[in-house]
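Architecture and fold: a report
Listed below are the residues making up each chain.
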Amino acid sequence: MALGSCTANFEEYNSNPYGVSDEELAAGGIAEKMANDCGVLAGIVIPLQENLFQYAMSLGCETLSGYMAQTKHVDLGKYNYNAGFINYPFDDEQSLPKVIKQYNAISLAANASHENAFYAWGTILKVAIMHRLTDMYGPIPYEFAGTEAQKPYQTQEYIYRKMIEELTWASQTLAKVNLSNVERNAWMTQDDVYRRSLEHQGVKTIFGYPGGSIMPVFDALYDHRKELNHILVRHEQGATHAAQGFARVSGEVGVCLVTSGPGATNTITGIADAMIDSTPIVVIAGQVGTNFLGTDAFQEVDLVGITQPITKWSYQIRRAEDVAWAVARAFYVAKSGRPGPVVLDFAKNAQVEKTEYAPTKVDYVRSYLPVPEMEPEAIRQAAELINGAERPLVLVGQGVELGEAQQELRAFIEKAGMPAGCTLLGLSALPTNHPLNKGMLGMHGNLGPNINTNKCDVLIAVGMRFDDRVTGKLETYAKQAKIIHFDIDPAEIDKNVKTDVAVLGDCKETLAAVTQLLEPANHQEWIDSFRQYEEVEEEKVIRPELHPAGKALSMGEVVRAVSEATHNGAILVTDVGQNQMMSARYFKYSKERSIVTSGGLGTMGFGLPAAIGATFGRPDRTVCVFMGDGGLQMNLQELGTIMEQKAPVKMILLNNNFLGNVRQWQAMFFNRRYSFTPMMNPDYMKIASAYDIPARRVMTREELAKAIDEMIATDGPFLLEACVEEEGNVMPMTPPGGSVNQMLLEC
């Protein structure tokens, strides 16, 4: 039975909705209008195309399913839906009725199941087929199952009129169909469920790299590029770091999408980096089908086994019906409590199976307590210790930024008149110019907060984990002080430093609760004690670095000049090494979430892709990334991502022709034996030119300001290569194994 005989009621519709005369009809004058309407209607129901394709396969209609697979990616919204037909092998006239009859079988089956949306879509599909076949072969029978008596109707105008009739019916049918109801959901393939699940989580940007085991998911993204902006990186490690940069500046979950095997293993460094720095990212990796698991199939690797120690949750999706739940849980786990990375290992069969989709929310996981309940007794004890303190010192960590507790922190320290020092990752939680901000903690931090750590009587740590680069020698760290530790993660309590009062919970809430119990205070004498150390550091370290006597540029003066050119309002991204410490020390912060760096893992190559991610996370802000010549070359390929996306990354290369940080340690502790640290560098101007990125190289102080102004004024990316002193050193420095108050001022 042909489809045409199923449409006897078409006479009730207007057979010529465009008011075209018979002469115009006979001349084919409505062909363009019909083509446009066909494209419009198909654009309305484009999500159904994959479903009908699966239906065709399930009925064994190989010819039609092959045709649909070939035309699946045609941009129907631009009305060029015919493009996919050109190479379809209509070898002879006998293949034409085969195509139509197989189509009829599908459309009739859909109609019998009351799937009106599918039937209407099928009608549009048949019109598209007939339109193309008519163009290729001239007038052909419209109903192949008809009788010989129908053959006189094999005319161009008859075919066009039938096309209009069926398009009119399809448009009226689709107008009555709610495409978001269960009828549509029941036909969703798994890649659609995956996409809808991401959209339900508010995802708009994904960083990734395609491959065989994740191809169905990437295929689903093709038709939804406006809703889900996929950024094609040049290496999977770059995807994870870009996701980190995005998450750190936006406060949202970063997402990356890769294939199995080497694609998945290339993400390991970024996952580990995100874990130790508490960065919420979700890594979705393809995996071989469940039937091939454990067979050493091509590009099979036990990603769950590899990543379990370095993630908050690592899970393999083996069934279609688990996708929506797994995605919802992944985002909940990644962002809740102490943030961190989650890995979803997505078996290929689960990507192509069909299942019903329903928006899924996860806000509870058994045995997982993301935010410990605040204990009133701990709040009382902390307030009592602070109220009785004469020399309190607050250590500000990234937890303040992650908990969005910047205002609560300020109220806390201002009410009690307490000076504060910031960890590397917490530097922008408190504005640089705040009178109670005494600078950076740690190995290359400022003298005052480090030395006074061993002089305070109450040490209050907020959202930090007492990393070894902050504490130095633990046996001599703050032994004279009572320790109060605010943290959301119970595992951090007493891990490195014994705590007198542990204040567990979200610091946005716990800081506010303690502040209510604080007595207003002014520890002016204690605050003034920092001044002597500031003066020594200014004379011995800061002034020589910012105003060097020699002709060569110093790293610090370049950093400070860039910061001032942005009015101290840019986002600082760093790589790892001397560039990291110098930029952290001499950049100034006036806004929240303004530093992105690899703190715990110290990943060289982090800076460039993280800066790309930051430009997508906060497109309203200037992003400046400082790199050394070693770290830049570790992910140099991401210049291709910058070129393609025109990402407005301001890249500052501090080129000293050395692996600078290692060289400094060799100079200080290995008798200047520079073993494999000198670098032979390429011409970075030529590299930038190859990627069509504007660039400048400066070697003198006189060139610097103009080059920076040019960089800031450039609309888009820019590479500024600053050729700095080759053997410059980052000072002060607590030597490895030394006490926090034993800082060296010179190499």
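Above this text you will find the structure in question.
Below you will find a few notes about this structure. Since we're looking at a predicted model, the values are computed, not measured.

1. Considering the environment of Ser-278
Within the element layout of this structure, Ser-278 appears in the loop between α13 (268-276) and β4 (281-287). For Ser-278, a relative accessible area of 7% gives the class buried. Distance in space between the C-alpha atoms of Ser-278 and Ala-334 is 9.2 Å, their sequence separation being 56 residues. Residues within four places of Ser-278 in sequence aside, it is in contact with Arg-338, Pro-339, Gly-340 and Leu-402.

2. Quick look at helix α17 (residues 376-387)
Here α17 is 12 residues long and its end C-alpha atoms lie 16 Å apart, about the 16 Å a rise of 1.5 Å per residue gives. For α17, the complete set of buried residues consists of Ala-378, Ile-379, Ala-382, Ala-383 and Ile-386. Buried positions in α17, seen along its axis, are confined to an arc of 130° and lie on one side of it. For α17, the exposed residues set more than 90 degrees away from the buried face come down to Pro-376 and Glu-384. The secondary structure elements touched by the buried residues of α17 are α19 (406-416), β10 (458-462), β11 (482-487), β12 (501-504) and α22 (507-517).

3. Focus: the side chain of Ser-428
Along the chain, the position of Ser-428 falls in the loop between β8 (420-422) and β9 (437-440). Residue Ser-428 is classed as buried on the basis of its relative accessible area, which comes to 3%. Setting aside chain neighbours within four positions, we find Ser-428 in contact with Glu-401, Tyr-589, Lys-591, Glu-592, Arg-593, Ser-594 and Ile-595.

4. Overview of the nonpolar core
Counting residues in hydrophobic clusters, the biggest one holds 70 residues, and the most contacted among them are Val-394, Phe-412 and Ile-460. Once residues within four sequence positions are removed from consideration, Ile-460 is found in contact with Ile-386, Pro-392, Leu-393, Val-394, Leu-395, Phe-412, Met-418, Ile-484 and Phe-486. Grouped together as the second largest cluster of nonpolar side chains are 34 residues, Tyr-194, Leu-228, Val-323 and Phe-346 included.

5. What to know about the layout of surface pockets
Roughly 590 Å³ of internal volume is contained in the second largest pocket. Thr-432, Gly-439, Asn-446, Ile-542 and Arg-585 are, among the 25 residues lining the second largest pocket, the residues nearest its centre. Mapped by element, the contributors of at least two residues to the lining of the second largest pocket are β9, α20 (447-453), α23 (524-546) and α25 (578-586). No other element matches α23, which puts 6 residues into the lining of the second largest pocket. When its residues are assigned to classes, the lining of the second largest pocket shows 12 nonpolar, 6 polar and 7 charged.

6. Considerations on the packing of aromatic side chains
Scanning all chains against the criterion turns up 14 aromatic pairs. Seen in terms of ring centroids, Phe-587 and Tyr-589 are 6.0 Å apart; in terms of plane orientation they differ by 50°. Their pairing is tilted. The two residues Phe-587 and Tyr-589 agree in class, both being buried. Ring geometry for Trp-665 versus Phe-669: centroids 5.7 Å apart, planes at 80°, classification edge-to-face. A residue pair is termed a helical-turn pair when its members lie 3 or 4 positions apart in one helix, as Trp-665 and Phe-669 do in helix α29 (residues 660-669) at 4 residues. Look at Phe-669 and you get partly exposed, because its relative accessible area is 33%. Ring pairs connect the aromatic residues Phe-207, Phe-246 and Phe-616, which therefore count as one cluster. Above the face of the Tyr-222 ring, Arg-225 is positioned so that its terminal group lies 4.0 Å from the ring centre.

Parameters and conventions
- Residues numbered from 1 in each chain as written.
- Predicted model: local features only at pLDDT ≥ 70, side-chain atom pairs only at ≥ 80, totals over all residues.
- Heavy atoms only, no water.
- Helix = DSSP H or I, 4+ residues; strand = E, 2+ residues; numbered from the N terminus.
- Buried < 20%, exposed > 50% of the residue type's maximum accessible area, 1.4 Å probe, protein only.
- Contact = heavy atoms within 4.5 Å.
- Expected span 1.5 Å × (residues − 1).
- Arc of directions from axis to C-beta.
- Core = buried A, V, L, I, M, F, W, Y, C linked by side-chain atoms within 4.5 Å.
- 1 Å grid on protein atoms, 1.4 Å probe; cavity = no way out; pocket = protein on both sides within 12 Å on 5 of 7 lines; lining within 4 Å.
- Points joined across faces, edges and corners; volume = space filled by probe spheres on them.
- Nonpolar A, V, L, I, M, F, W, Y, C, P; charged D, E, K, R; others polar.
- Phe/Tyr/Trp six-rings, centres within 6.5 Å; stacked < 30°, edge-to-face > 60°.
- Lys NZ or Arg CZ within 6 Å of the ring centre and 35° of its normal.

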